[in-house]
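Notes for the structure review
For reference, the chains in residue letters:
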Amino acid sequence: MVRWKTLLVGGVALAAMTGVAAARHHNHKVAVHRLALDAPVAPNAFYLTAWAEGDVTLAFDGAPAPITIKTPALMDDGCRWLATETLTPADATHYAYAYDEQILSCAPGAVPYVMTPRTGVVSIY
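Below is a summary of the structure that appears in this document. Just so you know, these numbers come straight off a predicted model, no measurement behind them. (Residues numbered from 1 in each chain as written. Predicted model: local features only at pLDDT ≥ 70, side-chain atom pairs only at ≥ 80, totals over all residues. Heavy atoms only, no water.)

**Structural notes on the environment of Asp76**
For clarity, the threshold we go by: Helix and strand assignments follow DSSP, with helices taken as H or I runs no shorter than four residues and strands as E runs no shorter than two, numbered in order from the N terminus.
Position of Asp76 relative to the elements: it lies in the loop between strand E4 (67–75) and strand E5 (79–91). Residues Asp76 and Ala110 lie 34 residues apart in sequence; the distance between their C-alpha atoms is 9.3 Å.

**Quick notes on the state of the cysteines**
Using the following cut-off: Two cysteine sulfur atoms make up a disulfide if the distance between them is within 2.5 Å. Each residue gets one of three labels from its accessible area relative to the maximum for its type: buried under 20%, exposed over 50%, partly exposed in between, using a 1.4 Å probe on protein chains only.
Applying the stated criterion across every chain, the model contains one disulfide. Across the disulfide from Cys79 sits Cys106; the S-S distance is 2.0 Å. On the sign convention where negative means left-handed, the S-S torsion of about 105° between Cys79 and Cys106 marks this disulfide as right-handed. Within this pair, whereas Cys79 is found in strand E5, its partner Cys106 is found in strand E6 (residues 94–106), the two being separated by 27 residues in sequence. Among the residues examined, Cys79 registers a relative accessible area of 0% and is labelled buried.

**Let's talk about the packing of aromatic side chains**
The criterion, for reference: Only rings of Phe, Tyr and Trp enter the pairing, Trp through its six-membered ring, and a pair is recorded when the two centres are within 6.5 Å. The plane angle decides the type: under 30 degrees is stacked, over 60 is edge-to-face, the rest tilted. Remark: a charge is flagged as sitting over a ring if the NZ atom of Lys or the CZ atom of Arg is within 6 Å of the ring centre and within 35 degrees of the ring normal.
For the structure on display, the rule yields four aromatic pairs. Judged by centre distance (5.4 Å) and plane angle (90°), the ring pair of Phe46 and Trp81 falls under edge-to-face. Note that Phe46 is positioned in the loop between strand E2 (31–38) and strand E3 (56–60) and Trp81 in strand E5, a separation of 35 residues in sequence. Pairing Trp51 with Tyr97 gives two aromatic rings, centres 5.8 Å apart and planes at 85°, and the pair type is edge-to-face. Of the two residues, Trp51 is situated in the loop between E2 and E3 and Tyr97 in strand E6; the sequence distance between them amounts to 46 residues. The same class applies to Trp51 as to Tyr97, namely buried. Positioned over the ring face of Tyr47 is Arg118, at 3.9 Å from the centre of the ring. We note Arg118 situated over the ring of Tyr99; from NZ or CZ to the ring centre the distance is 5.6 Å.

Structure, rendered in structure tokens:
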């Protein structure tokens, strides 16, 4: 399991707050949206994802914009990992979702976990 990880849910919240501040500056109406992820989950796999605790909320005005979420973690396999979640607007109510991982470094003798890339869809509510 994860010894230390930084989920970027806080980063998503910060992005949402930045969006709110920018929208107030431009006098646009900001809406808070719930983002629901639909992506396969491999058995016995781990995902360093902003959706680890369920749906994510994000405030933005206007059309959805591309989003990249990076999550670093030191795992029990003795390696430092970086997960990247990429959301690309597909239409007004959906993002195309891609999840990739890379190993940044490993301790001597470490046996890295298997990478678990995946794709899916994020619905905007």
